[in-house]
Amino acid sequence: MKNIFLVFISFLLLFSSCKRTVKEGIVGPEIKTASSSFLVLDTLKANYFDGYKKASSDTISLRYIEEIYQPDSTEEGEAILINGMPKLKLVKSTPYKRSTFWKVKFNEEVSWNLTLTKFVNGQKDNSIRKIISGTSSYLDSTNTSWNGNGNSTLFAASDNIIAELSFVNGSTIILRDTLYIAKGQFFEPTQASLVIDFESGLASNSAYEYTDKKDLTKIPIAPRFGIDHDVLAPQGANSFILYGKDYNGDYFCGGVNIQKMDTETMKNYNPRDIYLNMYIYGYPSNNSLEISSKATKLNIGFSEKDNPLNQGKDFDPLTEDTFEKQISVDWVGWKLISVRYADLVPSGSKTSGGSGNGRFEPGKVYSVNCNLISSPNGSVVGANIDYVIITYGQPFDANNL
Amino acid sequence: MKITKLLAISIGLVASSTAYSQSDLVNFSGLGRVNVENDKITGEGVDNDTTSIKRATGGYTLFDLGINVNPSELLKASVILRAKNTFGGFYGDGASLQIRQFRIEGAVGKIVKYQVGDIDLGLTPYTLHNFEEVYHDYESDLFKIRRDIVSYENFNFGSKWRLQGLDAKTTLKFARFIDKLKLNAFGTRVKQANFSTNEPDRLLYGGRIHVIQSKYFEIAGNLTGLSDVAGTARDSVFQYDNLVATTDLKGNYEVGKFEIKAFAELGSSNYSFKNIKKKKEYIYDDYFYDGGLGVVYKPSTFTVGLEGSYREVGAQFSSPAAQTRRINDVVIINDANPLANTVNDKNLLFSSYNNLTQAREQTLFDRYTNTGLYNQSIRPVLGTFLPEYNNLTPYGTATPNRKGLTVKVNVKEKEKVVVADFATEMLTEVLGEGTKELRTFMGMRGGFLLNINKLVKFKKSIVLSAGYRGEQTKRSGDASVDLKSTIIDAGITVEVLKGFDLIGGYKSITASGNEFIANRNQDNGLTFAYLNRSIDKNEGVVTGGFRYRFNNKTFFTVNYQKLAYRNEKIKGINYNIDQLFFNYTLVF
């Protein structure tokens, strides 16, 4: 009995040493309820701010272009006039990031939520939305600044958006504003370089798809490598589908190659500071395409034109480098994948980029590649990709544009 | 000829002795199942619907073969191989083969028992616990059959979590001062590192030291830790660590026909989350205590137990291994819930209807029939939940920000003619959530099971069951809350022929009022985006069918279920789902 008593006392002493960080007050942000005399004092409206100019608009751009014009002249230096006025020529076009924000005022402080949702054919596409919340008596650039990011997804040029302002409690008022995005996000060259978002197809981005010809001799699975609309994209309307069956058992099914690259910026960075990012979609099990998620792999990476004897010609897979990383697409839905240039490994195929000089030379990047692999071989495999973007210094973060 | 005969007999003896040795070394266990279901959705929500799917048929056959190898007394290896064929994929096209479970068990020096691989672990309700979040103790056997399938598929065996790692335990006996000392330690990995997404490995580890002083007194110390392992991913953006330490004790004393019990558990948590990119750090500590007394009266033919306890769980008490929800509640986005933090749940049967404009919300029916709604991993962030299903303890007994009294009564008759229990909880919050006003919670749950055949001395089984769970949540002030919800269960099983049962059942939930649903960000903190969810709905399921029992574990059942969903808040979205379900289950 004495021992039990001693243990009990020790128990209480031990408990007295437990700490509590928040002992009083409230947990979480305070809910400010709209009172019965709550009033909205003006109209909810989107505004943009591009450094020196603020304006409201139904059309917004996530970038603005600063254009500098000069009077045009002939080769001899004579001014060119049109209807007596000097003709101007564009000498410099510089894009800048543009912040969009909303403005509205209330007569009291209240907790609010501003929901931005993509609007397609008269209905909301809830897969791309953004919720901005706060407690204040107004909305302005200090509390609703927005750069086009969604809930880990992205809004895009040509998207229609519905912005809805509602109040957490006390008022059933919902304010709405609809707007159109004319131009998509802009990234500083030292921040990121968008490779392709598939919204304007492949040709304009010097991209092309290819299929393993040895798999084409069999039916009934017909391979698909191209622009896709069936899966809701994380940005815009299009993504790229890679799909097929590895009939001949060589693991390779096909892929896409994108050659439009900002090598001028890339050459200034160490491979440890360059990231290749893209959204990858994994199909659910029991999907209608019979895709095996366990066997679906994507090899993503760069090819470099680094053979001095091959300058001026196409990429030579026998003598030039391809660096890649294999991603197992074993999830369902869209996922943002980021791989560092320095973490890529030379291609395992000696005849397809595995016989180059083996050195990372970002300034000599020729293309971004994405190849569909079946491993185990012989399976039906598939995935979609979207928004391929190169970032510098850190992986792409859609929540922090 | 003689020599040939002798040779044949010798070979036979050797073969039979070898076969005998094989069954000692290797034995088999397993489960086979065939499921077929036919579903239809009707009602005003689909009356003019020309776009959505309104009928569906599906099913599968599966066979889990357990191979258990015992090469010695101190070592055992077991694997469960699964072959599954989904309907529509006959002739092997849709078939899959996978390893469902792999485990090695043994003993080191006959003292320390260990298991490695896929293991089931559990400690106390505040440290490592897989809790049931909706009350269903007295539901009909037909609902139980469906729930057992869901539990089996999601490895929900009792209150343990299925994890991958190592567990070791030992028991030491003493001659003086204490009877036994039990030691247990485990280490598991709950999330694998992913270089591509910069996510590090996350480990769950811990243990228990349990001292059984005598038959009158026990005391134990428990520890669970959940930590990211730095360096297992390049550019780790987040670093998460959570440590929970508790002590629990029990006392027992018998006086005549009375047994008096005392019990308590108390402990603390330390939470740390670092966002390396944003150079932000969130650290907080909190504690809990839970203690009570009970008395059991045991006259000759029945036992009656009465227990009362009081607990306080701090608002920031963090114990992911005890607070992770088994089911993923999805608060769908619609006009009533415009701020819901997630998109519509495509895992659901008939996930969209009304010309694909209306997402179908999870119902009671989905929660006991759909294996895809369940979660099999420990989550560091408290998940969103639908408050009408359980608002008192949405994260189990370890739900943070709760304090109050719990009283339980149970009755068990020795011949099992009747089993009944009742519990009531009167709780409040410790701190206000978003407001200084505190929520108050009132809950009652209970039910009975009556073996009528034992009462009237009838040879064939007739069982009647009924259960009830009611909850009320209130909060005054500007951000007022008033939510009531009631769950009712009723069931009857009648054995009409030997092994052949006719079974009926009813299950419903009625909920009305409002509640603020909180959203949390990556560091488990509350965000501004509170969702004021207003509901007025009823879901009722009626079921009837039969079951033929080949033995205790093998049976065939056919049942028909009808779900009626009625929503008084949003017009035009009511519907019914009719389901015909065939199931054959074989266990050996």
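Residues numbered from 1 in each chain as written. Chains lettered and ligands numbered in written order. Predicted model: local features only at pLDDT ≥ 70, side-chain atom pairs only at ≥ 80, totals over all residues.

Turning next to the overall build of chain A. A count of helical and extended segments in chain A gives 3 helices and 24 strands. Taking 21 Å as the expected radius of gyration for a compact globule of 401 residues, we find that chain A reaches 28 Å, considerably beyond that expectation. Oriented by its inertia axes, the alpha-carbon framework of chain A measures out at about 95 × 75 × 45 Å. Every one of the 401 residues in chain A was classed for burial, and the buried ones make up 39%. Here the contacts in chain A between residues at least 6 apart in sequence split such that 74% fall between residues at least 24 apart. (Helix = DSSP H or I, 4+ residues; strand = E, 2+ residues; numbered from the N terminus. Rg over C-alpha atoms; globule rule 2.2 N^0.38 Å. Buried ≥ 20, exposed ≤ 12 C-beta atoms within 10 Å, placed from the backbone. Contact = placed C-beta atoms within 7 Å.)

Let us now look at the overall build of chain B. If you tally the helices and strands in chain B, you get 5 helices and 25 strands. For chain B, the spread of C-alpha atoms along the principal axes amounts to about 100 × 65 × 65 Å. A burial count over chain B gives 31% of its 588 residues as buried. Once local pairs closer than 6 in sequence are excluded, the contacts in chain B between residues at least 24 apart make up 63%.

What follows concerns unusual backbone geometry. Keep in mind that most residues, glycine aside, have a negative phi and that most peptide bonds are trans. The peptide bond linking S375 of chain A to P376 of chain A adopts the cis configuration, its omega dihedral lying at 15°. By the secondary structure assignment, P376 of chain A is in the loop between β23 (365-374) and β24 (380-392). Phi angles above zero are rare outside glycine, and F177 of chain B is one such case at about 70°.

Taken as a whole, chain A is organised into domain 1 (29-62 + 98-186), domain 2 (63-97) and domain 3 (192-392). One C-alpha centre belongs to domain 2 of chain A, the other to domain 3 of chain A, and the line joining them spans 41 Å. (Domains from an automatic or database assignment.)

Ranked by internal contacts, the top residues of the largest apolar core, which has 95 residues, are L242, I280 and L298 of chain A. If one sorts the elements of this core by residue count, β24 of chain A sits on top with 8 residues. A domain split of this core shows at least three residues from each of domain 1 (29-62 + 98-186) and domain 3 (192-392) of chain A. I280 of chain A has contacts with L298, I327, V329, K335, I337, A383 and I385 of chain A, leaving out every residue within four places of it along the chain. Membership of the second largest hydrophobic core comes to 24 residues, among which are V190, A264, Y395 and A398 of chain B. (Core = buried A, V, L, I, M, F, W, Y, C linked by C-beta atoms within 7 Å.)

What follows covers the pairing of strand β2 (residues 55-72) of chain B. Residue and element names in this part refer to chain B. Sheet analysis places strand β1 (residues 26-42) next to β2, joined by 15 bridges and oriented antiparallel. The partner of E37 across the bridge, within β2, is G58. As paired elements, β2 and strand β3 (residues 75-86) share 11 bridges and run antiparallel to each other. Bridged to D64 within β3 is R82. Hairpin connection from β2 to β3: 2 residues lie between these consecutive antiparallel strands. (Pairing = 2+ DSSP bridges.)

Residue and element names in this part refer to chain A. Along the polypeptide, A79 turns up in the loop between β5 (63-71) and β6 (81-82). Under the C-beta neighbour-count criterion, A79 is labelled exposed, with 10 such atoms within 10 Å. Those residues within four positions of A79 in sequence are excluded, and the remaining contacts are P71, S73 and P86.

Residues and elements named next belong to chain B. The predicted model of chain B has a mean per-residue pLDDT of 88, with 90% of residues at 70 or higher. Mean pLDDT values over the elements of chain B span from 46, in helix α1 (residues 2-25), up to 97, in strand β20 (residues 462-475). Across residues 89-93, where pLDDT falls below 50, the model places 2 contacts with residues more than four positions away in sequence or in other chains. Interface scoring of the predicted complex returns ipTM 0.75; its pTM is 0.83. (pLDDT = per-residue confidence, 0-100.)

The next subject is helix α2 (residues 141-153) of chain B. The α-helix winds at 3.6 residues per turn, so residues separated by three or four positions along the chain end up facing the same way. All names here are of chain B. For α2, built from 13 residues, the straight-helix expectation of 18 Å at 1.5 Å per residue is met to within 8% by its first-to-last C-alpha distance of 18 Å. The set of residues buried in α2 consists of D141, L142, F143 and R146. Its buried side turned inward, α2 meets α4 (364-369), β21 (481-497), β22 (500-517), β23 (531-549) and β24 (555-567). Two residues or fewer after α2 comes F155, characterised by a positive phi angle close to 55°. (Expected span 1.5 Å × (residues − 1).)

Residue and element names in this part refer to chain A. Assignment of secondary structure puts V329 in the loop between β20 (322-328) and β21 (333-340). In this structure V329 comes out as buried when scored by C-beta crowding, with 26 C-beta atoms within 10 Å. Measuring from C-alpha to C-alpha, the distance between V329 and G254 comes to 16 Å, with 75 residues separating the pair along the chain. Beyond its immediate stretch of four places on either side in the chain, V329 contacts I280, G282, S293, T296, K297, L298 and A383.

Right, let's get into the sheet that holds β20 of chain A. Residues and elements named next belong to chain A. The strand order across the open sheet built from 6 strands is β14-β17-β23-β19-β20-β22, with neighbouring strands paired in antiparallel fashion. Two strands in the sheet have a free side with no partner beyond their single neighbour: β14 (207-211) and β22 (345-346). When β14 meets strand β17 (residues 252-258), the two strands line up antiparallel, connected through 5 bridges. Across the sheet, the residue bridging to Y210 is G255, located in β17.

Below, the discussion takes up the environment of V456 of chain B. All names here are of chain B. Within the element layout of this structure, V456 appears in the loop between α5 (452-455) and β20. Residue classification places V456 among the exposed residues on the basis of 9 C-beta atoms within 10 Å. Here the alpha-carbon distance between V456 and V417, two residues 39 residues apart in the chain, equals 9.9 Å.

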